[in-house]
Amino acid sequence: MLLGAAARLRGSEVATAGRCSLTVRLSAAILSASTAAMLAFAILLLPNPPPTLAPAAVSNAGATGMANPVTNVLMAFRGMDTMLEKVVLLLAIVGVWSLAADRNWGGRQGPRHEADPKGVLAFLARLLPPAGIVVGIYMLWTGADHPGGAFQGGAVLASMWLLVIMAGLADTPPVSSPRLRLVLVAGPGLFLAVGFGGLCFGAAFLAYPVAIAKPLILGIEVAMTLTIAATLALLLAGAPERSVEP
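This write-up is about the structure you can find in this document.

Rules of the game
Residues numbered from 1 in each chain as written. Predicted model: local features only at pLDDT ≥ 70, side-chain atom pairs only at ≥ 80, totals over all residues. Heavy atoms only, no water. Helix = DSSP H or I, 4+ residues; strand = E, 2+ residues; numbered from the N terminus. Rg over C-alpha atoms; globule rule 2.2 N^0.38 Å. Buried < 20%, exposed > 50% of the residue type's maximum accessible area, 1.4 Å probe, protein only. Contact = heavy atoms within 4.5 Å. Areas by Shrake-Rupley, 256 points an atom, 1.4 Å probe, with all protein chains shown as cover. Lys, Arg positive; Asp, Glu negative; His and termini not counted. Charge placed at Lys NZ, Arg CZ, Asp CG, Glu CD. Axes fitted to C-alpha atoms, helices over the stretch in contact; angles between N-to-C directions. Left-handed = near helix turned anticlockwise from the far one by under 90°. Nonpolar A, V, L, I, M, F, W, Y, C, P; charged D, E, K, R; others polar. Bend = angle between axes of the 7 residues up to and from the residue.

Points about the overall build of the chain
Phase 1: Along the backbone of the chain there are ten helices and two strands.
Phase 2: Taken from the N to the C terminus, the helices and strands of the chain come in the order α-α-α-α-α-α-β-α-α-α-α-β.
Phase 3: In terms of C-alpha radius of gyration, the chain reaches 23 Å, well past the compact-globule figure of 18 Å for 246 residues.
Phase 4: Seen through its principal axes, the chain has C-alpha atoms that stretch 55 × 55 × 35 Å.
Phase 5: For the chain, buried positions account for 33% of its 246 residues.
Phase 6: Long-range pairs, those at least 24 residues apart, make up 79% of the contacts in the chain with a sequence separation of at least 6.
Phase 7: As displayed, the chain offers around 15,200 Å² of accessible surface, 73% of which is attributable to carbon and sulfur atoms.
Phase 8: Across the chain, the 15 positively charged side chains and the 11 negatively charged ones have centroids separated by 3 Å.

Here's what the structure looks like:
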């Protein structure tokens, strides 16, 4: 995304060069130095030793049924942060889509890729995705008890999908596709639904019932894997550049 933005802005570099006056530069330097000083002062005021919830988290870790401490923290003790991270991904793809020209809205993202059907890229695009899909699913499933999880599995699935797209074996779906939009909102939507369920039937928002905590978390992880895989791949594809027609 950064390389794409740099390529698009390259033509405007000369026009915008040298526009900042000395006053603006001095103001920016003073503001930066003041911010750094305030942050340093705030750090010095922190208590020593710092307060921690680690003992409480460890004592209640078994309530979710998840043996992986990282998954426990992300899905239970920091569940709100984890849910909002997926909302940020959703907002990011909406922002990328909003850059499309009016004539291309609802169309397909990025150019149509073509590669030599007998070349190395096409060969790898046929060879790797079956194994990559298995690895991605395994990383999702093993995240309950071992290192792994939805983001890692989703990233692997996204890379396999991008490989197939770059080889020209498949195309990006139109952004107007209802199924695509359902996948994009599946993770945050299910997470939010479970959170409100805890608010209505449990002790608090995102409070999992102990009896079904692990199945609920695994269900959210599955939905988030699909959302993460689709979002990461489509973010790299860029804004819609073509109409729905091939």
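Now that the structure is up, let's keep going.
Describing the environment of Thr227
Phase 1: Here Thr227 is to be found in helix α10 (residues 213–237).
Phase 2: Thr227 sits in the buried class, given a relative accessible area of 3%.
Phase 3: Expressed as a C-alpha distance, the spacing of Thr227 and Val134, which sit 93 residues apart in the sequence, is 17 Å.
Phase 4: Not counting residues within four places of it along the chain, the set of residues in contact with Thr227 comprises Val183, Leu184, Val185, Ala186, Gly187 and Pro188.

What about the packing of helix α6 (residues 79–97) against α10?
Working note: a packed helix pair is described by the angle between its axes plus the distance between those axes.
Phase 1: Relative to each other, α6 and α10 sit at 35 degrees, their axes nearing to 10 Å. Remark: the crossing between α6 and α10 carries left-handed chirality. Where α6 approaches α10, its residues Thr82, Lys86, Leu89, Ala92, Ile93, Val96 and Trp97 are matched on the opposing element by Met224, Ile228, Thr231, Leu234 and Leu235.
Phase 2: Of the residues contributing to the contact of α6 with α10, the split by class is nine nonpolar, two polar and one charged.

What about helix α9 (residues 178–201)?
Phase 1: Considering bend angle alone, the principal kink of α9 is centred on Ala186 and spans about 50 degrees; proline Pro188 follows within four residues of it.
Phase 2: Of all the positions in α9, only Leu180, Leu184, Gly187, Pro188, Phe191, Val194, Gly195 and Gly198 are classed as buried.
Phase 3: Contact partners of the buried residues in α9: α5 (69–77), α6 and α10.

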